[in-house]
Amino acid sequence: MTGTNQREQMYVYGVCSLCAESNVLVYELDDNLLCAEHYRDRTRHIKRVTPCDKCGGDNAVRDPSHRRNEYLCWSCHEVNGF
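Residues numbered from 1 in each chain as written. Predicted model: local features only at pLDDT ≥ 70, side-chain atom pairs only at ≥ 80, totals over all residues. Heavy atoms only, no water.

(A) Broad picture of the overall build of the protein chain. Helix and strand content of the protein chain: two helices and four strands. Ordering the α and β elements of the protein chain from the N terminus gives β-β-β-β-α-α. By the compact-globule yardstick of 12 Å for 82 residues, the protein chain is too spread out, its C-alpha radius of gyration being 18 Å. For the C-alpha atoms alone, the extent of the protein chain along its principal axes is close to 55 × 25 × 20 Å. When burial is assessed residue by residue, the protein chain has 26% of its 82 residues classed as buried. Considering only contacts in the protein chain between residues 6 or more positions apart, those separated by 24 or more positions represent 11%. Element-wise, carbon and sulfur atoms account for 44% of the exposed surface of the protein chain, whose accessible area totals about 6,300 Å². Here the protein chain holds 10 positive side-chain charges and 12 negative ones, and the gap between their average locations is 6 Å. (Helix = DSSP H or I, 4+ residues; strand = E, 2+ residues; numbered from the N terminus. Rg over C-alpha atoms; globule rule 2.2 N^0.38 Å. Buried < 20%, exposed > 50% of the residue type's maximum accessible area, 1.4 Å probe, protein only. Contact = heavy atoms within 4.5 Å. Areas by Shrake-Rupley, 256 points an atom, 1.4 Å probe, with all protein chains shown as cover. Lys, Arg positive; Asp, Glu negative; His and termini not counted. Charge placed at Lys NZ, Arg CZ, Asp CG, Glu CD.)

And the structure:
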């Protein structure tokens, strides 16, 4: 089962598993195809955690003014300087 993936420009039309609305863009989540409204409602509560690039710790952050595309936890930021 595959749903819409906008990054890959793959658009899938189908029937929403929850509201049964047909011929809408559907997105896959937990082996279900959902319309945009229901997909947004379900994913809004998912906690996203970015791991640290150096130690693998949780809740890493990026300092865009200093390091591009490098995510570090606070401990690694402190060791490497801000």
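So that's the structure; there's more coming.
(B) Geometry of the environment of Cys-73. Looking at where Cys-73 falls in the secondary structure, it is placed in the loop between helix H1 (36-43) and helix H2 (74-80). Contacts of Cys-73, omitting those with residues within four sequence positions, involve Cys-52, Cys-55, Asp-58, Asn-59 and Ala-60.

(C) Structural detail: the side chain of His-38. Relative to the elements of secondary structure, His-38 occurs in helix H1. Taking relative accessible area as the criterion, His-38 reaches 19% and is therefore assigned buried. Setting aside its immediate chain neighbours within four residues, His-38 contacts Cys-16, Leu-18 and Cys-19.

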